[in-house]
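Listed below, chain by chain, are the residues.
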Amino acid sequence: LPDAGVTRRDNPFRQSGGVPQHAAFRTANHDPVVERSAWLLTLDVDEFLNIRPGNGRLSDLFDAVPDFGAISMPWRLFGNADRHNFADEPVTRQFHLCAPEFAPRPLQAWAFKTLYRNDGTFGRLGVHRPKGLDPRRSETLRWLDGTGRALPARMWRGGWRMTPETWGYDLAGVNHYAVRSAESFLVKRDRGRVNHVDRDQGTAYWFRMNHNVTEDRSIRRLDRAVSAERDRLAALPGVGEAHTSAVSWHKNRIAALKADPDYAAFFGEITGPRLEKLARMTHNFGSRVFYAGPEIIPDEVLARDVTKRFYFTI
């Protein structure tokens, strides 16, 4: 991939210890590619920028709102759409069911990622926003939310999610495919988390991040361009073989995990009718329900019509 303009770095966390995501960011801060880039944005592999103006390119975003220094774009959580099996296909083509745009709960639904100008205003990379804001530049900084409004200054240093006053996707958002297929989620759980490493990605996580309430296919307008770029990269020497090897590893790992009694039981639970129905009702639950887990929801609530709105919390 380096011959195609793609820069890859190994994560040094195994040698240095600590949290994988934080270790990667610390190292990246001093990478020549980062230092000479005009704009910076940290995205996980399951997060996809979805720009609304024009043809959905960064240049269209810059044309729509010139002269900004940073823009924070909210997540939109995409569920597994009841897909149980892994498929060697881009997730943006597989999964179209998601949380509603207005989704104040769970808290993660409106977490944001920030694209910012690399001009010395900020000192280092961060998970949801850059860190190390230079106080001398704060008075002239134009920091926007996903709709193009000014992001309140109170959120610049510690904010990580939108509010009912700042939510919106008119300019851009980030499609977050946190669960993908049920089989792929087994591998994700087995791997462990890259940030909150001490927390299990069990049934409560699946319930919290798996939203199949409404549909959004807007990112599919990029299909043709994505296919062309994938074909270009796959044609490079060794890349296609590497991809085939990775897919084979993934399938073998799925088979091994499904042969494990604990993981088999977990797979049966997340693909069962109870959790599949709850994934279509998530917009009706209070924040504490998502942290307690789906077992807290009474059967009488589960029995309700998924098309009817209600509010349940604990």
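Residues numbered from 1 in each chain as written. Predicted model: local features only at pLDDT ≥ 70, side-chain atom pairs only at ≥ 80, totals over all residues. Heavy atoms only, no water.

**As for the overall build of the protein chain**
Link 1 in the chain: Tallying secondary structure elements over the protein chain gives 13 helices and 8 strands in all.
Link 2 in the chain: In terms of overall dimensions, the protein chain is globule-like: its C-alpha atoms have a radius of gyration of 20 Å, near the 20 Å expected for 314 residues.
Link 3 in the chain: Expressed as lengths along the three principal axes of its C-alpha atoms, the size of the protein chain is roughly 55 × 50 × 40 Å.
Link 4 in the chain: Sorting the 314 residues of the protein chain into buried and exposed places 46% on the buried side.
Link 5 in the chain: Restricting to contacts in the protein chain with at least 6 residues of sequence separation, those with at least 24 account for 71%.
Link 6 in the chain: Of the accessible surface of the protein chain, which amounts to about 16,000 Å², a share of 51% is contributed by carbon and sulfur atoms.
Link 7 in the chain: Across the protein chain, the mean location of the 46 positive side-chain charges is 3 Å away from that of the 38 negative side-chain charges. (Helix = DSSP H or I, 4+ residues; strand = E, 2+ residues; numbered from the N terminus. Rg over C-alpha atoms; globule rule 2.2 N^0.38 Å. Buried < 20%, exposed > 50% of the residue type's maximum accessible area, 1.4 Å probe, protein only. Contact = heavy atoms within 4.5 Å. Areas by Shrake-Rupley, 256 points an atom, 1.4 Å probe, with all protein chains shown as cover. Lys, Arg positive; Asp, Glu negative; His and termini not counted. Charge placed at Lys NZ, Arg CZ, Asp CG, Glu CD.)

**Examining the side chain of Asp134**
Link 1 in the chain: Among the structural elements, Asp134 can be located in the loop between strand 5 (112-117) and strand 6 (143-144).
Link 2 in the chain: When sequence neighbours within four positions are dropped, the list of residues in contact with Asp134 reads Gly120 and Thr121.

**Some details on helix 6 (residues 182-191)**
For an α-helix, the turn length of 3.6 residues means that residues three or four places apart are oriented alike.
Link 1 in the chain: Among the 10 residues in helix 6, 7 count as buried, and that is most of the element.
Link 2 in the chain: Residues of helix 6 that are buried include every one of Ala182, Glu183, Ser184, Phe185, Leu186, Val187 and Lys188, and no others.
Link 3 in the chain: For helix 6, the secondary structure elements touched by its buried residues are helix 7 (203-209), helix 9 (239-258) and helix 10 (261-270).
Link 4 in the chain: Gly192 sits one or two residues past helix 6 and shows a positive phi near 95 degrees.

**Observations regarding the packing of aromatic side chains**
Link 1 in the chain: Per the stated rule, a full pass over the model turns up 19 aromatic pairs.
Link 2 in the chain: Where Trp143 meets Trp156, the ring centres are 5.5 Å apart and the plane angle is 20 degrees; that geometry is what we call stacked. Of the two residues, Trp143 sits in strand 6 while Trp156 sits in the loop between strand 6 and strand 7 (172-176), which places them 13 residues apart along the sequence. In this structure, Trp143 and Trp156 share a single accessibility class: buried. (Phe/Tyr/Trp six-rings, centres within 6.5 Å; stacked < 30°, edge-to-face > 60°.)

**Here's the deal with the pattern of salt bridges**
Link 1 in the chain: Inspection of the entire model under this criterion finds 19 salt bridges.
Link 2 in the chain: A salt bridge links Arg217 to Glu215; its shortest N-O distance comes to 3.4 Å.
Link 3 in the chain: Overall, the relative accessible area of 43% leaves Arg217 in the partly exposed class.
Link 4 in the chain: Among the residues examined, Glu215 registers a relative accessible area of 46% and is labelled partly exposed.
Link 5 in the chain: Salt bridges sharing common partners tie together Arg52, Arg76, Glu101 and Asp216. (Salt bridge = Lys/Arg side-chain N within 4 Å of Asp/Glu carboxyl O.)

**Observations regarding the packing of helix 6 against helix 10**
When two helices pack together, their arrangement is captured by the angle between the axes and the distance separating the axes.
Link 1 in the chain: Closest axis-to-axis distance for the helix 6/helix 10 pair is 10 Å, and the angle between their directions is 135 degrees. Relative to helix 10, helix 6 is oriented oblique. Seen from above, helix 6 lies across helix 10 with right-handed handedness. Together, Ala182, Glu183, Phe185, Leu186, Arg189 and Asp190 of helix 6 and Tyr263, Phe266, Phe267 and Ile270 of helix 10 make up the contact between the two elements.
Link 2 in the chain: Of the residues in the contact of helix 6 with helix 10, the class split is 7 nonpolar, no polar and 3 charged. (Axes fitted to C-alpha atoms, helices over the stretch in contact; angles between N-to-C directions. Parallel < 35°, antiparallel > 145°, perpendicular 65-115°, else oblique. Left-handed = near helix turned anticlockwise from the far one by under 90°. Nonpolar A, V, L, I, M, F, W, Y, C, P; charged D, E, K, R; others polar.)

**Side note on the nonpolar core**
Link 1 in the chain: In terms of nonpolar packing, the biggest core is built from 64 residues, with Leu61, Ile71, Leu278, Phe285 and Ile297 touching the most fellow members.
Link 2 in the chain: Looking at this core element by element, the count peaks at 5 residues for strand 3 (residues 70-77).
Link 3 in the chain: If we skip the residues at most four places from it in the chain, Leu278 touches Phe207, Phe285, Pro294, Ile297 and Leu302.
Link 4 in the chain: With 6 residues, the next largest nonpolar core counts Val91, Phe95, Tyr177 and Ile219 among its residues. (Core = buried A, V, L, I, M, F, W, Y, C linked by side-chain atoms within 4.5 Å.)

**Observations concerning the environment of Gly79**
Link 1 in the chain: Along the chain, Gly79 turns up in the loop between strand 3 and helix 5 (91-94).
Link 2 in the chain: Sequence-wise, Gly79 and Asn212 are 133 residues apart; in three dimensions their C-alpha atoms are separated by 5.2 Å.
Link 3 in the chain: Residues contacting Gly79, with those up to four places away along its chain left out, are Phe95, Leu97, Cys98, Val179, Asn210, His211 and Asn212.

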